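Observations on the model geometry
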Amino acid sequence: MSDFGDEGQVAETLYREGAIAAALPAAPAGIQVVEDGRVVCAECGEPIPAARLGAMPGATRCRACQEDFEG
Ligand SMILES: [Zn+2]
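The model shown is predicted, which means the values in this text are computed figures rather than measured ones.

Some points on the overall build of the protein
- Assigned secondary structure in the protein consists of three helices and two strands.
- Counting from the amino terminus, the protein carries its helices and strands in the arrangement α-β-β-α-α.
- Residues classed as buried in the protein amount to 11% of the 71 residues present.
- Summarising the internal contacts of the protein: among those between residues at least 6 apart in sequence, 30% fall at separations of at least 24.

Have a look at this one:
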């Protein structure tokens, strides 16, 4: 019973993130990994530069890993 409130908060956060992701045009599939308020690459864990996030708000990988992923 003690963690009931936490579950609700997590669900609300997931809902909000999903709503934000759905509102972004051309956002690639995937969930962004955020550490210390910064989006980090889902592959290597390196912070994704703000310039890249400005161009690709839904980016889940750094440029190197994205190029690797796309082949
Ligand atoms: Zn990377």
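Still more ground to cover, so stick around.
A look at the environment of Glu-43
- Structurally, the position occupied by Glu-43 is in the loop between strand S2 (38–40) and helix H2 (50–55).
- Given 15 C-beta atoms within a 10 Å radius, Glu-43 is considered partly exposed.
- Once the C-alpha coordinates of Glu-43 and Thr-60 are considered, the two residues, 17 residues apart in sequence, prove to be 8.4 Å apart.
- Sequence-distant contacts of Glu-43, defined by excluding residues within four places in its chain, comprise Arg-61 and Cys-65.

So, unusual backbone geometry
- Even without a glycine there, the phi angle at Asp-36 is positive, about 55°.
- Within the secondary structure, Asp-36 sits in the loop between strand S1 (33–35) and S2.
- We classify Asp-36 as exposed; it has 6 C-beta atoms within 10 Å.

So, how was this worked out
Residues numbered from 1 in each chain as written. Predicted model: local features only at pLDDT ≥ 70, side-chain atom pairs only at ≥ 80, totals over all residues. Helix = DSSP H or I, 4+ residues; strand = E, 2+ residues; numbered from the N terminus. Buried ≥ 20, exposed ≤ 12 C-beta atoms within 10 Å, placed from the backbone. Contact = placed C-beta atoms within 7 Å.

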